[in-house]
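For reference, the chains in residue letters:
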Amino acid sequence: MKKKSRKLKFFSFLFCALLLSANFLSFPAGADMYDEDKVNSSYAAVYNVENKTFVFQKNSDDKISSANCAKIMTAILALEHYKDLDEVITVPLSSLQNLDGAIIFGLLSGEQITVRDLIYTMLVGNCNDSASVLACDIAETNAIFALKMNEKAEELGLENTFFKNSTGLGSADAYTTAEDCLRLCAYALTIPEFSKIANTTKYVVPATNKHSEKTVYTKNYFLSRQTFSDYYWQDADGISSLKTDEGYTVISSYSAYSMTYICICAGADRSESKKIYAYGDVKNLLLWASKEYTTLKVLDSSEIFGEVYVALSSESDYVSVVPESSLYAYLPRSTDISAETEPRFEITKKELTAPVEKGTVVGKVHIYLGDKEIASCNLVTKFSVEKSAVLAFKDALFGKRSLVIIGFLVLSAAVFGAIRFSVFYAISKKETSE
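## Details of the sheet that holds strand β16 (residues 361–369)
Right, on to step 1. Here 6 strands make up an open sheet; going across it, the order is β14-β16-β17-β12-β11-β15 and the pairing mixed. Two strands close off the open sheet at either side, each with one partner strand: β14 (341–347) and β15 (351–353). Pairwise comparison of adjacent strand axes, ignoring direction, gives a mean angle of 30° for this sheet.
Right, on to step 2. As judged from the 4 bridges shared by strand β11 (residues 306–311) and strand β12 (residues 318–323), these two strands associate in the antiparallel manner. Paired with Tyr309 across the strands is Tyr318, a residue of β12.

## Some thoughts on a nonpolar patch on the surface
Right, on to step 1. Among the surface-exposed residues, Leu411, Val415 and Ile419 lie close enough to one another that they form a single nonpolar patch of about 280 Å² accessible area.
Right, on to step 2. For Ile419, the location among the structural elements is in helix α11 (residues 400–433).

## Brief notes about the sheet that holds strand β7 (residues 237–244)
Right, on to step 1. Reading across the sheet, the 5 strands line up as β2-β1-β9-β8-β7 and stay open at both edges, with antiparallel pairing between neighbours. The open sheet is flanked by β2 (53–58) and β7, the only strands paired with a single partner. On average, adjacent strands in this sheet sit at an angle of 10° to one another, irrespective of strand direction.
Right, on to step 2. In terms of strand pairing, β7 meets strand β8 (residues 247–256) through 7 bridges, oriented antiparallel. Paired with Thr244 across the strands is Gly247, a residue of β8.
Right, on to step 3. Across the sheet, helix α2 (residues 67–81) is in contact with β7 and β8; its angle to β7 comes to roughly 135°.

Rules used in this analysis
- Residues numbered from 1 in each chain as written.
- Predicted model: local features only at pLDDT ≥ 70, side-chain atom pairs only at ≥ 80, totals over all residues.
- Heavy atoms only, no water.
- Pairing = 2+ DSSP bridges.
- Helix = DSSP H or I, 4+ residues; strand = E, 2+ residues; numbered from the N terminus.
- Axes fitted to C-alpha atoms, helices over the stretch in contact; angles between N-to-C directions.
- Patch = residues over 30% accessible without salt bridge, like charges linked within 9 Å, V, L, I, M, F, W, Y side chains within 5 Å.
- Areas by Shrake-Rupley, 256 points an atom, 1.4 Å probe, with all protein chains shown as cover.
- Salt bridge = Lys/Arg side-chain N within 4 Å of Asp/Glu carboxyl O.
- Contact = heavy atoms within 4.5 Å.

Structure representation (structure tokens):
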């Protein structure tokens, strides 16, 4: 019996220890996190545009090739530089050098082509010569243009990104990260023309002085069945797709439930059946994020946090304190608001004097999920409180300030009287002695 008892105690202890360790390893938000092992790509991240929040990351701060981001940055700078996209550029010979072996449109020295055609062929067809021509027209050389790219990167807060040229290729010391790349894409999507170009499946370039009419097709297989129908996804918005020495990189956005998500999967290989893993990874992550996360109300504006004393009012001695507005936070749908969030507040005004207006700020409330603040707002008075004329008059006569003033006057009069009496007494005594 003793042996059985010892065994029972041992297993009970072991069970409790396992429960405790599970609690330490659990996520505070209660989110059904996406399993990293399901992501075949070496680097991945999912970003919610509206809330500027990463909801999934896998090696997302590791350095990766800047090839995708370089063309996106080049497009941003071009769209912000040129006022007229139909402006015609004459292709300089210097812009076509050192592009052998890369994807090119086939531009020739002296060719006259519009800015619009160059941007479309660069983003839709991944054409490196188009990127280089834009760079040299804007800044004379790719090296000078790279300075502009890095200035813009710094402006956007991309701390782990460095560009050497407009294409992102042929420079081992150029780099970015999955996180920085998605931040750049989020900025690019604020430019209406960029989104339109990135979602173009086929673009026809009119005949130029050097070429007959030519057509480029999207390299993002989400957008079209033209090349590989297996990857087509009608709900995806295309941004970029590219193959480098690191593997395949796919960047796409997806909108659902009034939210926009951007996903990058980089360093991807092919499956045994020759399928590019990155496409499946991106689609699965975007669908998961859109279903898992939403905006939840974490505090209602009607909740009362206390009362503040009100002086000089006959209708109410106290006024209730409530949030300035209802608070919402971007969280996993499974979050139990009542159990997992905590309001922390401070009422800084201990007393008010009527009249008090509705909405007078008297403090602050912060909502926490674990140790993270997820929302905050002012605490304000719930209703107005009118001033009592009678109480105000009494306060003027008998209030603390009035009593102090009266006391001061009485004391002054007493002192003055005493001094006057002393003076007259001294004079009187002198006259008597004489």
